[in-house]
Amino acid sequence: MASLIGFYSLIFGLFSSSVIIFLSILNFRNTNSFDKKILTFTSLQLFFVIVSFLGLIFSFINSDFSNETVYNHSHTTKPIFYKISGTWGNHEGSLLLWLLVLTLFIFVFLIKSKEQSKQYRILTLLFQQVIIIGFFIFLIKTSNPFNYIFPVPKEGLGLNPILQDPALAIHPPILYLGYVGSSIIFSSTLAATSLNYISKKWAAHIKIWVLISWIFLTLGILLGSIWAYYELGWGGFWFWDPVENVSLMPWLALTTLLHCILILEKKLLFTSWVIILSISTFTLSMCGTFLVRSGILNSVHTFANDPERGLYILIFLFCLIFLSLFIFFFLHKSQDNKDYNFFWLSKETSILINNWFMMYFLSVVLIGTMYPIFLEVITTEKISVGPPFYNKLIIPFLIPFLFAMAIGPKLKWIKSNLQDKMNLIILLIISFLLSLLIIKNTNLNFLLNTILVTSGFYLFFITLRDFFIKGFNKLSQNLAHFGFSLFILSILLNNIFSSEIITNLKIGEKFQKDNIEINFEGVKKKSINNYDTIIGKFKIIDFNGSEEVLEPELRIYNQPNIVTSEADIKTDLFTDKFMTMNLVQNEDYFNIRYQVKPFMIWIWLSVLLISLGGLLSLLNRRNEN
Amino acid sequence: MYGRKVKLRFFFIFLILLILSFTVFLILKSLEENVVYFQSPTEVKTLAEIDDKKIRIGGMVKSKSVLIENKEIKFIVTDFKNEINVIYAGIIPNLFAEGKGVVAEGFLKDKSLFFATKILAKHDENYMPPEVKEALKEE
């Protein structure tokens, strides 16, 4: 029943799209004010999509296995929380969520943009409807979440156990708010370009949307990363896996856009650049959806390898790119402030330079992700591009990037002389000495690492000092930059000081390396709802005095029958102690990995700080208005 | 002949082009050095020479071939035509088992011995690395 309602709601939602488009075109041509009926139908469309989404959720909660999506991704013994999160833990449901966010955002946009011109609002709505219709058809035609199975199966196939996790339950909705938020930026930029509407006022208004998408995208990536850290048991947080890269690319473009919008808002400069970035952000988001959904990339996100779906998104994507390029080249008239000249040592230059660096990072990630795909299509040769490629190309360029980030905000608009040079130099010397001290005792490449850590510390100290001298003035920017410096420093120190022990042990055996002894004391078995678990008990003795008991788990899920390792992590302020175990081939040996990872928690906290900076900026704007 | 401003602009464009081509060169160079090729046991057998580049091999874990010791694990990867012995010390993914597909990254010692540095994790029991599927299909 719920499935039936859900399906018909989708049809009605698609139908409202055509009504909205018809009304909008009518309203766009005449001289009347904004037609209230458009808003009614937009809210109606949102209502239909919500009903459809709720229909799917109900089918999941009731374990209605006559619905194919539910049958494929749910099971009666699954906890209720994961039944609900299972709704978007599959291809069909997650696309319905895309659609939900698309319609929600355009509705909020219409409400919140009342002070903008009528034509601009309507045109934005039209562009957004094009995207919405594309997704409606995609959903109904190739991935209907409400397909019916007869005879009705007694039991479902279950959700992949590694997706049964709190962080991953909320990861898709948060990430989608970021991804799909960029669709509003895309539509509104196209509308503003066609109408020659780009102005300081427009920049101020669209910046809110940029900030919102940026915050959610940042948090979404963070959640995925935390999940990968404790669930996949590889003991890292970023693997340069193509699936991760496709979320990083829109983030880089969006971050660049955020900085450009600032200049546009203040100085009416770089309009073309802003348009290009808006288009690329959304295109990269779509591209990410295409890559992970088409089955080209193999990962936990690839729910089904259906070439038809991939082809559809690809064609749709090309149409959107073509449309936006057409608008950009033929309708865009530069609004740039022509008489405006800025000196080389100015805030504009520093933002521009950092933009170039961001674009460079973006192209490195883009090439590293796409090249293997193209090569396989063209020559059928199978290759993979791993972390060394990214490390080599990105890390050295972080150094000037960080320095520019430290100095840039100190500069004034147009032309600037560096004030308080003395303090800046003193801080540089302190940072250098500190990193010298840290790197001295390691056997790493001395020069590169020292300079790298120096640049991290430099940004750290400068932003830290700014908290005291600037106070609440520019707090949001300073917080985000401070968070970023903390992020880089944590990653660097984490990389430098991480250590690990990997060994195979039988119950009762011990293993010793350097100062650490691992005692495998025993295992106990338990049976919980939808899985059995084996919990190992390990006593870790550090000869420097500390002692720790870690209890990693091995879960054997009944439906589907999959074994997963649950890491045991002891976190304190400065280090994570991380342990996973695995049973190999049911022999007596357990495969054990013990890692000491310093500053892990600071990596997560710093990303939170960065997004908090964004949030603060958003709230600030509210107060100003 | 040309004004100062024009000269400056030319210089600027030249500089950008220079930086751009340098970047492209850097990326391509790094790509060439860091790319990892995938080979099936049969392809390994037909290699002309063995170099010390990192590669990936894939196939099925031969049944009754897994041998575990304290320090390392040994097993045989087969594509049902040819076999390679693999020696590995490190973390083993949950779904590693005899008779299942596997992808290992590491270095060839000779045509029948492979030192793995990483065994790739897979995500569910039905999943077969596409490379393995391909390698198995070719027979």
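Quick notes on the rules
- Residues numbered from 1 in each chain as written.
- Chains lettered and ligands numbered in written order.
- Predicted model: local features only at pLDDT ≥ 70, side-chain atom pairs only at ≥ 80, totals over all residues.
- Helix = DSSP H or I, 4+ residues; strand = E, 2+ residues; numbered from the N terminus.
- Rg over C-alpha atoms; globule rule 2.2 N^0.38 Å.
- Buried ≥ 20, exposed ≤ 12 C-beta atoms within 10 Å, placed from the backbone.
- Contact = placed C-beta atoms within 7 Å.
- Nonpolar A, V, L, I, M, F, W, Y, C, P; charged D, E, K, R; others polar.
- Pairing = 2+ DSSP bridges.
- Expected span 1.5 Å × (residues − 1).
- Axes fitted to C-alpha atoms, helices over the stretch in contact; angles between N-to-C directions.
- Parallel < 35°, antiparallel > 145°, perpendicular 65-115°, else oblique.
- Left-handed = near helix turned anticlockwise from the far one by under 90°.
- pLDDT = per-residue confidence, 0-100.
- Domains from an automatic or database assignment.
- Core = buried A, V, L, I, M, F, W, Y, C linked by C-beta atoms within 7 Å.

What to know about the overall build of chain A
At step 1: Helix and strand counts for chain A come out as 17 helices and eleven strands.
At step 2: Taken against the 2.2 N^0.38 rule, which gives 25 Å for 625 residues, the C-alpha radius of gyration of chain A at 26 Å falls within 12% of a compact globule.
At step 3: For chain A, the spread of C-alpha atoms along the principal axes amounts to about 85 × 80 × 50 Å.
At step 4: The proportion of buried residues among the 625 residues of chain A is 46%.
At step 5: Long-range contacts, defined here as pairs at least 24 residues apart, represent 73% of the contacts in chain A between residues at least 6 apart.

Quick notes on the interface of chain A and chain B
At step 1: Between chain A and chain B, the contact holds 35 residues from the first and 31 residues from the second.
At step 2: Those elements that provide at least two residues to the side of chain A that touches chain B are α12 (347-379), β1 (383-385), α13 (387-407), β2 (499-505), β8 (562-566) and β11 (590-598) of chain A.
At step 3: Residue composition of the side of chain A that touches chain B, by class: 18 nonpolar, 13 polar and four charged.
At step 4: As judged from the three bridges shared by β1 of chain A and strand β1 (residues 35-39) of chain B, these two strands associate in the antiparallel manner. Considered in β1 of chain B, the bridge of Ser-384 of chain A is made with Val-36 of chain B.

Comments concerning helix α15 (residues 446-470) of chain A
One full turn of an α-helix is made of 3.6 residues, so residues set three or four places apart face in the same direction.
At step 1: The first and last C-alpha atoms of α15 of chain A sit 35 Å apart over 25 residues, in line with the 36 Å expected at 1.5 Å per residue.
At step 2: Downstream of α15 of chain A by a residue or two, Gly-471 of chain A has a phi angle that is positive, lying close to 65°.

Remarks on the packing of α13 of chain A against α15 of chain A
All names here are of chain A.
At step 1: Two numbers describe how α13 lies on α15: the axes approach to 9 Å, and their chain directions differ by 20°. Classed by the angle they form, the pair α13 and α15 counts as roughly parallel. Both α13 and α15 take part in a crossing whose hand is left-handed. On α15, the residues touching Ile-395, Leu-398, Ile-399, Leu-402, Phe-403, Met-405 and Ala-406 of α13 are Ile-451, Leu-452, Ser-455, Gly-456, Tyr-458, Leu-459 and Ile-462.

Considering the confidence of the model for chain A
At step 1: Looking at chain A, pLDDT values average 87 and 94% of them are 70 or higher.
At step 2: The secondary-structure element of chain A with the lowest mean pLDDT is β8 of chain A, recorded at 80, while helix α2 (residues 36-61) of chain A shows the highest, at 94.

Quick notes on the domain arrangement of chain A
All names here are of chain A.
At step 1: In terms of domains, chain A is made up of domain 1 (1-164), domain 2 (166-333), domain 3 (403-498 + 605-624) and domain 4 (499-601).
At step 2: The C-alpha-based centres of domain 3 and domain 4 are spaced at 37 Å.
At step 3: Counting residues at the interface gives six residues for domain 3 and nine residues for domain 4.
At step 4: Broken down by element, the side of domain 3 that touches domain 4 gets its largest block of residues, four residues, from helix α16 (residues 475-497).
At step 5: In terms of residue class, the side of domain 3 that touches domain 4 is made up of three nonpolar, three polar and no charged.

Things to note about the sheet that holds strand β9 (residues 568-571) of chain A
The pairing of strands in a sheet happens through backbone hydrogen bonds and is either parallel or antiparallel.
Residue and element names in this part refer to chain A.
At step 1: The four strands lie next to each other as β2-β11-β10-β9, forming an open sheet whose pairing is antiparallel. Edge positions in the sheet fall to β2 and β9, since each of these pairs with one other strand and no more. Strand-to-strand, the axes of this sheet are offset by a mean angle of 10°, without reference to chain direction.
At step 2: Sheet topology places strand β10 (residues 575-583) next to β11; nine bridges connect them, and they run antiparallel. Its bridge partner being in β11, Met-581 is matched across the sheet by Ile-592.

Digging into the nonpolar core
Within soluble globular proteins, side chains that are nonpolar tend to cluster in buried spots.
Residues and elements named next belong to chain A.
At step 1: If you look at the biggest cluster of nonpolar residues, it comprises 144 residues, and the most contacted ones within it are Trp-98, Leu-99, Val-101, Leu-102, Phe-135, Val-210 and Met-249.
At step 2: Per-element tally for this core: the top contributor is helix α8 (residues 200-231), with 18 residues.
At step 3: Those residues within four positions of Met-249 in sequence are excluded, and the remaining contacts are Leu-284, Leu-362, Val-365 and Leu-366.

A closer look at the pairing of strand β4 (residues 73-78) of chain B
All names here are of chain B.
At step 1: As judged from the two bridges shared by strand β2 (residues 55-61) and β4, these two strands associate in the antiparallel manner. Across the sheet, residue Met-60 finds its bridge partner in β4, namely Thr-78.
At step 2: Two strands pair when backbone bridges link them, and strand β3 (residues 67-68) and β4 are joined in this way by two bridges, in the antiparallel orientation. Bridge pairing links Leu-67 to Lys-74 in β4.
At step 3: Between β3 and β4, which follow one another and run antiparallel, lie four residues.

A short note on the confidence of the model for chain B
All names here are of chain B.
At step 1: Counting all residues, the mean pLDDT for chain B is 79, and 85% of those residues have values of 70 or more.
At step 2: Ranking the helices and strands of chain B by mean pLDDT puts strand β5 (residues 83-88) first, with 91, and helix α3 (residues 130-137) last, with 58.
At step 3: The ipTM assigned to the predicted complex is 0.77, against a pTM of 0.90.

Topic: helix α1 (residues 4-34) of chain B
At step 1: Taking 1.5 Å of rise per residue, the 31 residues of α1 of chain B would be expected to cover 45 Å, and the 45 Å separating its terminal C-alpha atoms lies within 8% of that figure.
At step 2: Those residues of α1 of chain B that sit buried are Ile-27, Ser-30, Leu-31 and Asn-34 of chain B.
At step 3: On its buried side, α1 of chain B packs onto α12, β1 and α13 of chain A together with β1 of chain B.

Some thoughts on the packing of α13 of chain A against α1 of chain B
At step 1: Interaxial distance between α13 of chain A and α1 of chain B falls to 9 Å at its minimum, and their mutual angle equals 150°. It follows from the interaxial angle that α13 of chain A and α1 of chain B lie roughly antiparallel. Judged by the twist between their axes, the crossing of α13 of chain A over α1 of chain B is right-handed. Two secondary-structure elements touch here, α13 of chain A through Pro-388, Phe-389, Lys-392 and Leu-393 of chain A and α1 of chain B through Leu-26, Ile-27, Ser-30, Leu-31 and Asn-34 of chain B.
At step 2: Across the contact of α13 of chain A with α1 of chain B, the residue classes tally to six nonpolar, two polar and one charged.

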